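# Structure at a glance
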Amino acid sequence: MATPGAAQSPIPVLVVGALGKMGREVVRAVAQTPDMTLVGAVARSQLGSDIGEVLGLGSLGVEITDDLPGQLLRLSQRSSRGVMVDFTHPRSAFEHVRSAIAFGVRPVVGTTGLTPEQVERLRDLADKSGVGCLIAPNFAIGMILLQQMALQAAQYFDHVEIIELHHNRKADAPSGTALQTAQRLGQLGKTFNPPVRDSGTESSVEEKELIPGARGGIPGPNIPIHSVRLPGLIAHQEVIFGGMGQTLTLRHDTTDRIAFMPGVILGIRKVLQLKGLVYGLEQVLS
């Protein structure tokens with residue numbers, strides 16, 4: 001039993017996708033955070049190399065490996081407070097998270113593209129096992145604030161569309177953040193983008209797409225989402241509201257992936273307090 005007032009040992013963190021663009025930033029952030037310690041780095045290349053030396057941080061004593069099950073086993077045996085951070089690919093993230101939960105390791109997941117069905121299956125696993133799990137489409141605090149502002153603006157506007165812009169190596173479209181933004185707006189229970197009526201008549205304007213998809217993808221809340229993929233971009237989103245004689249544009253720009261790191265570090269700390277799956281960083285901000 002820990003002595004009252006005694007400092008807890010650092011949180012042991014395993015990073016999966018450690019050589020990806022986000023994974024590299026997570027490794028740097030964890031290595032520089034006093035109450036955390038990097039205990040594992042999973043990737044598909046440079047196996048056996050010290051992750052710190054690869055990233056120019058100096059030796060961290062952590063070799064890159066592709067053996068995720070072995071890393072999860074060792075972490076579960078080492079500590080009851082182990083955390084796995086996953087920034088990989090939607091094709092593999094589901095199995096990674098399911099394995100982590102089975103080992104009693106708490107996942108913090110920034111990989112987007114998981115289907116609602118997959119999230120619910122993971123929720124069932126985490127809730128039944130009592131293992132904390134945080135899945136967040138976006139870890140930038142500014143994006144959370146944008147979504148909160150959008151919820152306020154939606155009380156006064158009925159017409160809204162979303163444009164999300166990302167680098168051209170992003171695997172999923174639309175982004176998980178854009179989908180989450182639309183879903184949160186939809187939870188307000190109002191009807192967005194009602195039919196436009198011809199002036200002086202009761203008939204609605206008939207809209208025709210000359211190119212399929214030109215009006216974007218339209219999820220359940222009837223809010224069109226438009227996706228842009230270009231080199232030079234990182235992660236950007238606009239929520240555009242329209243009304244009589246006016247528009248309101250809310251925009252968030254990520255100019256460096258370091259913007260996500262305060263949210264990731266917060267998520268690592270907060271997941272230790274959870275007893276099941278939570279979706280969205282905003283759920284643990286308070």
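The coordinates are above.
For the structure given in this document, a descriptive report is provided here.

### Looking at the environment of E120
- Following the sequence through the fold, E120 ends up in helix α5 (residues 116-129).
- Remark: the alpha-carbon pair of E120 and M261, spanning 141 residues in sequence, is separated by 26 Å.

### Overview of the layout of surface pockets
- Empty space within the largest pocket amounts to approximately 1,200 Å³.
- As for the largest pocket, its lining consists of 42 residues, of which G20, K21, F87, T88 and H89 are closest to the centre.
- Contributing elements (two or more residues each) for the lining of the largest pocket: α1 (21-31), α4 (90-103) and α7 (176-186).
- Looking at the lining of the largest pocket residue by residue, the class counts come to 16 nonpolar, 17 polar and nine charged.

### Focus: the nonpolar core
- Of all hydrophobic cores here, the largest spans 58 residues; its most connected members are I51, V85, F139, F241 and I268.
- A per-element tally of this core places helix α6 (residues 141-153) first, with six residues.
- Look past the residues within four positions of I268 in its chain and what remains in contact with it is I11, V13, V30, M36, V83, V85 and V108.
- Membership of the second largest hydrophobic core comes to 22 residues, among which are L14, L72, A93 and A126.

### Side note on the side chain of Q237
- Secondary-structure assignment places Q237 in strand β9 (residues 235-243).
- A polar atom in the side chain of Q237 sits 3.3 Å from the backbone nitrogen of A178.
- Separated by 3.0 Å, the side chains of Q237 and T181 make a polar contact.
- If near-sequence neighbours (up to four positions away) are discounted, Q237 is found in contact with M143, L146, I162, I163, E164, S175, T177, A178, T181, L250, R251 and H252.

Definitions and cut-offs
- Residues numbered from 1 in each chain as written.
- Predicted model: local features only at pLDDT ≥ 70, side-chain atom pairs only at ≥ 80, totals over all residues.
- Heavy atoms only, no water.
- Helix = DSSP H or I, 4+ residues; strand = E, 2+ residues; numbered from the N terminus.
- 1 Å grid on protein atoms, 1.4 Å probe; cavity = no way out; pocket = protein on both sides within 12 Å on 5 of 7 lines; lining within 4 Å.
- Points joined across faces, edges and corners; volume = space filled by probe spheres on them.
- Nonpolar A, V, L, I, M, F, W, Y, C, P; charged D, E, K, R; others polar.
- Core = buried A, V, L, I, M, F, W, Y, C linked by side-chain atoms within 4.5 Å.
- Buried < 20%, exposed > 50% of the residue type's maximum accessible area, 1.4 Å probe, protein only.
- Contact = heavy atoms within 4.5 Å.
- Polar contact = N/O pair within 3.5 Å; in protein donor to acceptor, adjacent residues only side chain to side chain.

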